[in-house]
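Chains, contacts and geometry: an overview
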Amino acid sequence: VQLQASGGGPVQAGDSLTLACAASRRTISGYVMAWFRQAPGQEREFVAGISASGDTTSYADSVKGRFTISRDNAKDTGSLQMNSLKPEDTAVYYCAADVRRLASIRTVPGSYDYWGQGTLVTVSS
């Protein structure tokens, strides 16, 4: 599986941005997908995750109510809609897939098998 994240860029605080994740070489429709982020000098942290079917989602407390994760299994894509962005949201954002069958959404980076290359989101105040 190859994952390609895109959609990052510089924005102002309060703006919205949508990140996209496209899978190739192998379908990820049966896998949990998640978004993580990593700010300079910090560890990679869980942002949001979505079950294989798309009916269950999970969010970090810091983004709950502002970010929305979704997926389109027919197109093998996922997205992260980010609203009311804050400077502390500045980070490189990564999409990831967990290939364990019937997996639950996990928040630990080591649980994920495939990663996109990351897309930088910079939020200025």
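The structure this text deals with has already been given above.
First, a word on what this report is: a plain description of the structure on this page. (Residues numbered from 1 in each chain as written. Predicted model: local features only at pLDDT ≥ 70, side-chain atom pairs only at ≥ 80, totals over all residues. Heavy atoms only, no water.)

**Some remarks on the nonpolar core**
Counting residues in each nonpolar core, the largest one holds 29 residues, and the members touching the most others are Leu 19, Trp 35, Val 47, Phe 67, Leu 80, Met 82 and Tyr 93. For this core, the elements supplying multiple residues, two or more each, are strand E1 (2-6), strand E3 (17-24), strand E4 (32-38), strand E5 (45-50), strand E7 (67-72), strand E8 (77-82), strand E9 (91-98) and strand E11 (119-124). Counting residues in hydrophobic clusters, the runner-up holds 7 residues, among them Val 32, Phe 36, Ala 103 and Tyr 112. (Core = buried A, V, L, I, M, F, W, Y, C linked by side-chain atoms within 4.5 Å. Buried < 20%, exposed > 50% of the residue type's maximum accessible area, 1.4 Å probe, protein only. Helix = DSSP H or I, 4+ residues; strand = E, 2+ residues; numbered from the N terminus.)

**Observations regarding the packing of aromatic side chains**
Tallied over the full model, the rule gives 5 aromatic pairs. Their ring planes at 80° and their centres at 5.7 Å tell us that Phe 36 and Phe 46 sit as a pair that is edge-to-face. Pair noted here: Phe 36 is in strand E4 and Phe 46 is in strand E5, with a separation of 10 residues, a long-range link. Phe 46 carries the same exposure label as Phe 36, and that label is buried. Plain terms: the ring middles of Tyr 94 and Trp 115 are 6.4 Å apart, the flat faces sit at 80° to each other, and that makes the pair edge-to-face. (Phe/Tyr/Trp six-rings, centres within 6.5 Å; stacked < 30°, edge-to-face > 60°.)

**Considerations on the sheet that holds E8**
With respect to topology, 4 strands assemble into an open sheet ordered E1-E3-E8-E7, the strand pairing being antiparallel. Edge positions in the open sheet fall to E1 and E7, since each of these has one partner strand only. Averaged over all pairs of adjacent strands, the angle between their axes in this sheet comes to 15°, without regard to strand direction. (Pairing = 2+ DSSP bridges. Axes fitted to C-alpha atoms, helices over the stretch in contact; angles between N-to-C directions.)

**Structural notes on the state of the cysteines**
This structure, assessed with the given rule, holds 1 disulfide. Residue pairing for Cys 21: its cysteine sulfur links by disulfide to Cys 95, the two sulfurs lying 2.2 Å apart. Between Cys 21 and Cys 95, the S-S torsion sits near 70°, and that sign places the bridge as right-handed. Pair noted here: Cys 21 is in strand E3 and Cys 95 is in strand E9, with a separation of 74 residues, a long-range link. (Disulfide = S-S within 2.5 Å.)

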